[in-house]
Amino acid sequence: MAFAQIHVKGLRTAKDHTYYVSKQRGRSGLLRGAKGMRVTGYRSLVTTHDWGRPVGDVNGIIQDGITEVPVLLLETDVGLTGVGVGQHADIARIFRAVEGKDPRAVTTIYDSMLSQVFKSGHAGATFGAIAAVDMALWDLKAKMADEPLWRTLGAMDCFVSGYASGLCHGLSDDQFAAHYEIWSERGFSSVKVKGGADLGRDIDRLKTVRGIMSKNTSRPGLMLDVNESWNAKQAIRHLHEIEQQLDLTWIEEPVRRWDAAGLASVSKACRAAVASGENLTGLEQYSPLFEAGALDVVQAGSVWGITHFLRVAIAAHSRNLPVSPVAYDANPLAHAAAAVPNLIGIEVQDWKWPAGLSVDQSIEDGGIRLGNSPGLGIEVNEDALIPRSSEGWAASSGPHCRPRHAGLQLAPATAKRK
């Protein structure tokens, strides 16, 4: 079978940067029960999300608040298109395991993608490509059934309870308070604050959101995410001071994501639950943490796909642990979150959508209310996509780059290191 791969540079609307499609595409078929339905190609698009505020964490800040949003369109021979969101730079290598397959066999195809790259490994960018395809396959499967994905996955209710999380480390105190007032107006009663650099500031901010969210509940949920910036002893000392003044619901990634012994020691030493973050990819990365009793709340990143989340959720459920998805643009994991038995809540980072995407869901009543549009409920208007005008997540000063001295301070720094 012949293929065409075209790279287009300098598009004004940043629509396509890759087009890869079987020359045998276009065969007819039925949406329902089509025996010959096959995946024939993909298109890789990009747009941006303007957060309208600085976004980031203790590792770095994106001051202009504009980040890139890769979008994958997976095509079939009956003209139906699946949508996936998230980085998928390794798509060409992954697609070999997908081309020509019936998209309804989504979990089998997922394992085929893992097998395709088992020698070189599937973490990082490769896992992101697998995830984007996985989302698009689930989107296709639900569209073929003419129902929303939450229904295909077996959920009874389209509402998913959540907590507010504004990637707020770069906001001034006034901006911080004003931002969470908006979340309070949308019915949220739990908040995750980004911290880790200044313990006094962290405590003050937790107290601020406790006061704001008290409008909706007498006992707001308070979470602190320090994004792997502490070491175990530092975490224990800091959490002891925090818990003298606050009832902390959980501490997220207090030490490195893979440090099973360190996470377990923190969990044993504090009252708060210890939560994993969004960076673990594959059950093999969770297994040592489960075995060490290192996690009290199990999280999985939206950018790692739906099948991954479902498997992590069941692994956690078998150990009587709650699960929570970490947010991403358009909240694709909300559909899967609605269907698992051990959901504790989903992170919600914004109530606006990336340019050119319309998403059938609303952020209200302290969570996400999913719509009834088939599939993920994400529609792509290619004419409205906006190209990236800055480095976004890739910036060396942004949150995706770890600072040199992270985790190496037992006491607060007294002078700025260069």
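First things first, this report covers the structure right here in the doc. (Residues numbered from 1 in each chain as written. Predicted model: local features only at pLDDT ≥ 70, side-chain atom pairs only at ≥ 80, totals over all residues. Heavy atoms only, no water.)

**Things to note about the pattern of salt bridges**
And then number 1: Scanning the model with the defined rule gives 18 salt bridges in all.
And then number 2: A salt bridge links D350 to K352; its shortest N-O distance comes to 3.0 Å.
And then number 3: Look at D350 and you get buried, because its relative accessible area is 5%.
And then number 4: When its relative accessible area of 31% is taken as the criterion, K352 is described as partly exposed.
And then number 5: Members of the salt-bridge network, linked through shared partners, are R43, E75 and E382. (Salt bridge = Lys/Arg side-chain N within 4 Å of Asp/Glu carboxyl O. Buried < 20%, exposed > 50% of the residue type's maximum accessible area, 1.4 Å probe, protein only.)

**Thoughts on the packing of aromatic side chains**
And then number 1: Here the structure, examined in full by the defined rule, presents 7 aromatic pairs.
And then number 2: Look at W183 and W351: their rings are 4.9 Å apart centre to centre, the planes differ by 80°, and that puts the pair in the edge-to-face class. Placement of W183 in helix α5 (residues 173–185) and of W351 in the loop between β15 (346–348) and β16 (357–359) is noted, with a sequence separation of 168 residues between them. Taken as a pair, W183 and W351 share a single burial class, namely buried.
And then number 3: Every member of this aromatic cluster is reached through a ring pair, and the members are W183, F188 and W351. (Phe/Tyr/Trp six-rings, centres within 6.5 Å; stacked < 30°, edge-to-face > 60°. Helix = DSSP H or I, 4+ residues; strand = E, 2+ residues; numbered from the N terminus.)

**Structural notes on the nonpolar core**
Looking at soluble globular proteins, one finds that nonpolar side chains tend to be buried together.
And then number 1: By size, the foremost hydrophobic cluster in this structure holds 111 residues, and its most contacted members are L74 and Y180.
And then number 2: Core analysis: the next-biggest nonpolar cluster, separate from the first, contains 6 residues, Y163, W250, A275 and V297 among them. (Core = buried A, V, L, I, M, F, W, Y, C linked by side-chain atoms within 4.5 Å.)

**What to know about unusual backbone geometry**
And then number 1: A positive phi angle, near 50°, is found at N227, a position not held by glycine.
And then number 2: As for its placement among the helices and strands, N227 is situated in the loop between β10 (221–225) and α7 (232–243).
And then number 3: Although it is not a glycine, D365 adopts a positive phi angle of roughly 55°.

No statement about biological role is implied by the geometric values presented.
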